[in-house]
Amino acid sequence: RPAEPETPATAEPIVQFSFGLRKSLRKELARLAADADMTMRAFILDALREKGLPVTDEDLADLRRREG
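Below or above, wherever it landed, is the structure these notes cover. (Residues numbered from 1 in each chain as written. Predicted model: local features only at pLDDT ≥ 70, side-chain atom pairs only at ≥ 80, totals over all residues. Heavy atoms only, no water.)

**So, the packing of helix H1 (residues 23-35) against helix H2 (residues 40-50)**
Put simply, H1 and H2 touch, their axes get as near as 9 Å, and they point 90° apart. Relative to H2, the element H1 lies roughly perpendicular. Judged by residue contacts, Arg 26, Leu 29, Ala 30, Leu 32 and Ala 33 of H1 engage Met 40, Phe 43 and Ile 44 from H2. The residue inventory of the contact of H1 with H2, partitioned by class, reads seven nonpolar, no polar and one charged. (Axes fitted to C-alpha atoms, helices over the stretch in contact; angles between N-to-C directions. Helix = DSSP H or I, 4+ residues; strand = E, 2+ residues; numbered from the N terminus. Parallel < 35°, antiparallel > 145°, perpendicular 65-115°, else oblique. Contact = heavy atoms within 4.5 Å. Nonpolar A, V, L, I, M, F, W, Y, C, P; charged D, E, K, R; others polar.)

This is the structure we're talking about:
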């Protein structure tokens, strides 16, 4: 049986995910993301990609730039 084609990331809905983080870590995350000229969302997704998750370049795009 042939493998089914993968659904493009653009076809998947975006779902919200949140977790608790110490205030000092949140501040450090914001600083590291700013230093990398990235949003915190993109910074976290990039870290997940480095751990082997199939994060695409489109996933890293700043969603704020899509609105409007």
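Still more to cover.
**A short note on a nonpolar patch on the surface**
Together, Phe 17, Phe 19, Leu 21 and Leu 25 make up a nonpolar patch on the protein surface, roughly 440 Å² of accessible area in all. Looking at the secondary structure, you find Leu 25 in helix H1. (Patch = residues over 30% accessible without salt bridge, like charges linked within 9 Å, V, L, I, M, F, W, Y side chains within 5 Å. Areas by Shrake-Rupley, 256 points an atom, 1.4 Å probe, with all protein chains shown as cover. Salt bridge = Lys/Arg side-chain N within 4 Å of Asp/Glu carboxyl O.)

**Notes on the pattern of salt bridges**
Going through the model one piece at a time under the given rule, you end up with four salt bridges. Here Arg 31 makes a salt bridge to Asp 35, at a shortest N to O gap of 2.7 Å. Of this pair, Arg 31 and Asp 35 are both found in helix H1, four residues apart, which corresponds to roughly one turn of the helix. You can call Arg 31 partly exposed: its relative accessible area is 41%. On the basis of relative accessibility, which here comes to 56%, the residue Asp 35 falls in the exposed class. (Buried < 20%, exposed > 50% of the residue type's maximum accessible area, 1.4 Å probe, protein only.)

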